[in-house]
Amino acid sequence: MREFVDFSKALARASGDIIMRYFRRDFTVETKADESPVTIADRQAEEIMREMIMKEYPEHGIIGEEFGVHNDGAEYQWVLDPIDGTKSFVSGTFLFGTLIGLMKAGQPIVGAIHHPVTSHLLIGDGDEARLNDEIVRVRDTRRLRDAVMLYTDFIHVGQYQNGIAFQQLMGKTSFNRTWGDCHGYFLLATGYADIMLDPIMHLWDIVALIPVIEGAGGVITSWNGGPPLRGNGIIASNRHLHSQVLRVLIA
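These remarks concern the structure in this document. Just so you know, these numbers come straight off a predicted model, no measurement behind them.

### Some thoughts on the sheet that holds strand S5 (residues 76-84)
So, step 1. Spatially, the eight strands line up as an open sheet ordered S4-S3-S5-S6-S7-S8-S9-S10, and their pairing is mixed. This sheet does not close on itself; its edge strands, each paired only once, are strand S4 (68-70) and strand S10 (134-135).
So, step 2. Both S5 and strand S6 (residues 97-104) contribute to a ladder of seven bridges, which runs antiparallel. Across the sheet, the residue bridging to Tyr-76 is Lys-104, located in S6.
So, step 3. Contacts from helix H1 (residues 2-22) reach S5, S6, strand S7 (107-115) and strand S8 (120-124), with the element oriented near 30° to S5.
So, step 4. Docked against the sheet, helix H6 (residues 181-189) engages S5, S6, S7, S8 and strand S9 (129-131), running at close to 100° with respect to S7.

Following this line, the structure appears as structure tokens:
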């Protein structure tokens, strides 16, 4: 496991160097078939990580947002989202990051969230989570009325989940903000937020988050409370709040 953690750090450094070449610079923003934006930074960051993986672990597979699947069926699969939060990236904010996940036999075993602008690298293995090598934990908030709730896009909630229930949950928390994408899960795992939700997710959005949130002592499930890889939305929180969140959202 240590070997894979160290290699994840190398992937984060290499991809981060490329991303920072383009941050707040002039570049073209293209629109993909699903209406999401993509840039040269997304593509080059994924390309360098794929090259490194294929050189170091030629028997491993790769699932990337920009370039798809390599070596499908391999026991070990690296799952890459080079820029999670491209809308934030093109808007010049630091609320984006690179997601690097590793699955063994279909189960996430290592995850990394890298914020290249702030040089914050959060890595989890399901047992612990470390921010720049210092152990971090979710905080111990026990009541919804004391909780800080984060989410990525309010409109998506109404499109993919129960928007009315979500609004009820918003009213039960202390306050809520759209510090979303991977940054929301980063804040949860490092003890600065209590609930993070996304109503719609892809595999490359989810895999890296699971070892991080669980390693920090949190709970991460699908929107209906099932295994996170088997649903199309994600709820993450601490062990005291998670059941309370689910009761409101799926009542």
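### A closer look at the packing of H1 against helix H2 (residues 40-56)
So, step 1. Two numbers describe how H1 lies on H2: the axes approach to 9 Å, and their chain directions differ by 155°. With respect to their mutual orientation, H1 and H2 come out roughly antiparallel. Between H1 and H2 lies a crossing whose hand is right-handed. On the side of H1, the interface is formed by Phe-7, Ala-10, Leu-11, Ala-14, Ser-15, Ile-18, Ile-19 and Tyr-22, while H2 contributes Ile-40, Ala-41, Gln-44, Ala-45, Ile-48, Met-49, Met-52, Ile-53 and Glu-56.
So, step 2. When grouped by side-chain class, the residues that make up the contact of H1 with H2 number 14 nonpolar, two polar and one charged.

### Section: the packing of aromatic side chains
So, step 1. Going through the model one piece at a time under the given rule, you end up with 13 aromatic pairs.
So, step 2. Ring geometry for Phe-4 and Trp-78: centres 6.2 Å apart, planes at 80°, overall edge-to-face. One end of the pair, Phe-4, is in helix H1; the other, Trp-78, is in strand S5, and 74 residues separate them in sequence.
So, step 3. With centroids separated by 6.0 Å and ring planes inclined at 45°, the aromatic side chains of Phe-154 and Phe-166 adopt a geometry described as tilted. Pair noted here: Phe-154 is in helix H4 (residues 154-160) and Phe-166 is in helix H5 (residues 163-172), with a separation of twelve residues, a long-range link.
So, step 4. Its relative accessible area of 36% is what places Phe-154 among the partly exposed residues.
So, step 5. Taken together, the ring pairs connect Phe-4, Phe-7, Tyr-57, Tyr-76 and Trp-78 into an aromatic cluster.

### Looking at the layout of surface pockets
Once rolled over the atoms, a probe with the size of a water molecule shows which space is left empty.
So, step 1. Computed from the structure, the largest pocket encloses a volume of approximately 830 Å³.
So, step 2. Forming the boundary of the largest pocket are 35 residues, of which Ser-36, Lys-87, Thr-152, His-156 and Asp-181 lie nearest the centre.
So, step 3. Those elements that place two or more of their residues in the lining of the largest pocket are S5, helix H3 (86-90), H4, H6 and helix H7 (203-206).
So, step 4. Within the lining of the largest pocket, the residues separate by chemical class into 13 nonpolar, nine polar and 13 charged.
So, step 5. One number sums up the size of the second largest pocket: a volume of about 290 Å³.
So, step 6. If you go around the second largest pocket, you meet 18 residues; those closest to its centre are Val-5, Lys-9, Leu-121, Ile-123 and Asp-133.
So, step 7. Looking at the lining of the second largest pocket, the elements with two or more residues in it are H1 and S8.
So, step 8. With seven residues, the top contributor of residues to the lining of the second largest pocket is H1.

### Looking at the packing of H5 against helix H9 (residues 242-249)
Between two packed helices, the angle of one axis relative to the other and the distance separating the axes together describe the packing.
So, step 1. Between H5 and H9, the least distance of the axes is 8 Å, while the angle of their chain directions is 135°. Here H5 is positioned oblique relative to H9, judged by the angle of their axes. Residues Ala-165, Phe-166, Gln-168, Leu-169 and Lys-172 of H5 lie in contact with H9, whose contacting residues are Val-245, Val-248 and Leu-249.
So, step 2. Its residues placed into classes, the contact of H5 with H9 shows six nonpolar, one polar and one charged.

### Quick look at H6
So, step 1. With eight of nine residues buried, H6 lies mostly within the body of the structure.
So, step 2. By the burial criterion, the buried members of H6 are Cys-182, His-183, Gly-184, Tyr-185, Phe-186, Leu-187, Leu-188 and Ala-189.

### Looking at the environment of Asn-162
So, step 1. Note that Asn-162 resides in the loop between H4 and H5.
So, step 2. Along the primary structure Asn-162 and Leu-249 are separated by 87 residues, whereas in three dimensions their C-alpha atoms are 7.1 Å apart.
So, step 3. Apart from the residues within four sequence positions on either side, Asn-162 is in contact with Val-157 and Leu-249.
So, step 4. A polar side-chain atom of Asn-162 sits 3.1 Å from the main-chain amide nitrogen of Ile-164.
So, step 5. Here the side chain of Asn-162 touches Ala-165 through a polar contact of 3.0 Å, landing on its backbone nitrogen.

Basis of the calculations
Residues numbered from 1 in each chain as written. Predicted model: local features only at pLDDT ≥ 70, side-chain atom pairs only at ≥ 80, totals over all residues. Heavy atoms only, no water. Pairing = 2+ DSSP bridges. Helix = DSSP H or I, 4+ residues; strand = E, 2+ residues; numbered from the N terminus. Contact = heavy atoms within 4.5 Å. Axes fitted to C-alpha atoms, helices over the stretch in contact; angles between N-to-C directions. Parallel < 35°, antiparallel > 145°, perpendicular 65-115°, else oblique. Left-handed = near helix turned anticlockwise from the far one by under 90°. Nonpolar A, V, L, I, M, F, W, Y, C, P; charged D, E, K, R; others polar. Phe/Tyr/Trp six-rings, centres within 6.5 Å; stacked < 30°, edge-to-face > 60°. Buried < 20%, exposed > 50% of the residue type's maximum accessible area, 1.4 Å probe, protein only. 1 Å grid on protein atoms, 1.4 Å probe; cavity = no way out; pocket = protein on both sides within 12 Å on 5 of 7 lines; lining within 4 Å. Points joined across faces, edges and corners; volume = space filled by probe spheres on them. Polar contact = N/O pair within 3.5 Å; in protein donor to acceptor, adjacent residues only side chain to side chain.

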